[in-house]
Amino acid sequence: MTPMTTDTTIKNLILRAESLAKRNWIHAVNLLEDALTENPDNHLLCLALGDVYVRAGQFRKAIVHFQEALAAKPSDTHLALHIGNCYLALNEYNLALTYYDKVQDLPLDLMYNKAIALAYQGQLHDSIQLLHQFLRSVDNSLPVYYLLIEMYIRIQDLDSASHYIGIVETKWGSSKHNLLLKAIVYAKREVWLVAFHAFSEYDVGDSMDNTDHLYTYAICADKIGQSHKAVKLLQRGIAINPYSTVMYEDLVRVLLQIGEYEEAYRTLKKAKSCLLRLTPLLYLMKEKLASHDNRFGFTL
């Protein structure tokens, strides 16, 4: 390839590579890498290569080229944002924040990305502050409201979580995700009946597959006297995750409570086969079951 020295030539080649990338990103990469070999200090080629790799989901390779471009133009905040987004896509939240922090005035769409990174780093109050900053400019973003509600739940500010759940319902009406958030908040408040009904509406057709949510739903059912419903929910949870200690403990407890001794025995046997050992609570319930009827004793 003849060495290219003019910006116009470089820009035309980049346009050609961008068009080619829609059909075959590997060919586009080869074209740009050949050009970069001839023009090793051209930050536009580095940026174009990074963009192609991002579209192909090759985020680590994209970072290499974005960093090369950033080295040539260290004040380019857009490059810092590109690198931050790549690290966010790789779930490397601390590194994502390192690059987001280089930008003083984040674009609105990237405030949300930074808020996510802050949340995963445990900086929940900073995440909340950034989400409020976003909503002061644009108050019609449902994902931002949902993330804000989840942050308030995590810091146990249930009043604020309920307040924003109400705003979401006013703006967008009821939805499955809103029902789930409402159920979680009311369960944490120990308003068991309201939480149970919200979970029931969410779980139409037994669609819930998150074991933490199934467990909380089961506790709500047990608290309002629907013990048989609690049993079914805990059994669903164990079918999804047969290694959950708390699921076994509460399932055996509820089964003993309603006198389903044979099912309690079968559950203990399953727990013994799936867990490394019975927990002290399961062991006590095993002894209680055996004292009720020695047919249900078994060797640990």
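Before any of the text, the structure's been laid out above.
Presented here is a report on the structure given in the accompanying data block. These figures come from a predicted structure and were not determined experimentally.

1. Remarks on the nonpolar core
In terms of nonpolar packing, the biggest core is built from 104 residues, with Leu32, Leu45, Ile149, Phe199 and Leu282 touching the most fellow members. For this core, the leading source of residues is helix α9 (residues 142–154), giving nine residues. Beyond its immediate chain neighbours, meaning those up to four positions away, leucine 282 contacts Tyr248, Glu249, Val252, Leu268, Ala271 and Leu275.

2. Topic: the state of the cysteines
This structure, assessed with the given rule, holds zero disulfides. The thiol of cysteine 46 is not disulfide-bonded; the next cysteine sulfur, from cysteine 86, is found 14 Å away. With relative accessibility at 3%, the residue cysteine 46 sits in the buried group.

3. Considerations on the pattern of salt bridges
One pass over the structure, following the stated rule, counts 11 salt bridges. Between arginine 60 and glutamate 92 there is a salt bridge, and its shortest N-O distance comes to 2.3 Å. With a gap of 32 residues between them, arginine 60 in helix α4 (residues 59–72) and glutamate 92 in the loop between α5 (77–89) and α6 (93–100) connect regions that are remote in the sequence. Residue glutamate 92 is classed as partly exposed on the basis of its relative accessible area of 22%. Between arginine 266 and glutamate 263 there is a salt bridge; the shortest N-O distance is 2.8 Å. With arginine 266 and glutamate 263 both in helix α16 (residues 261–274) and three residues apart, this pair spans about one turn of that helix. Each of Asp203, Asp206 and Arg236 takes part in one network of salt bridges that share partners.

How each quantity is defined
Residues numbered from 1 in each chain as written. Predicted model: local features only at pLDDT ≥ 70, side-chain atom pairs only at ≥ 80, totals over all residues. Heavy atoms only, no water. Core = buried A, V, L, I, M, F, W, Y, C linked by side-chain atoms within 4.5 Å. Buried < 20%, exposed > 50% of the residue type's maximum accessible area, 1.4 Å probe, protein only. Helix = DSSP H or I, 4+ residues; strand = E, 2+ residues; numbered from the N terminus. Contact = heavy atoms within 4.5 Å. Disulfide = S-S within 2.5 Å. Salt bridge = Lys/Arg side-chain N within 4 Å of Asp/Glu carboxyl O.

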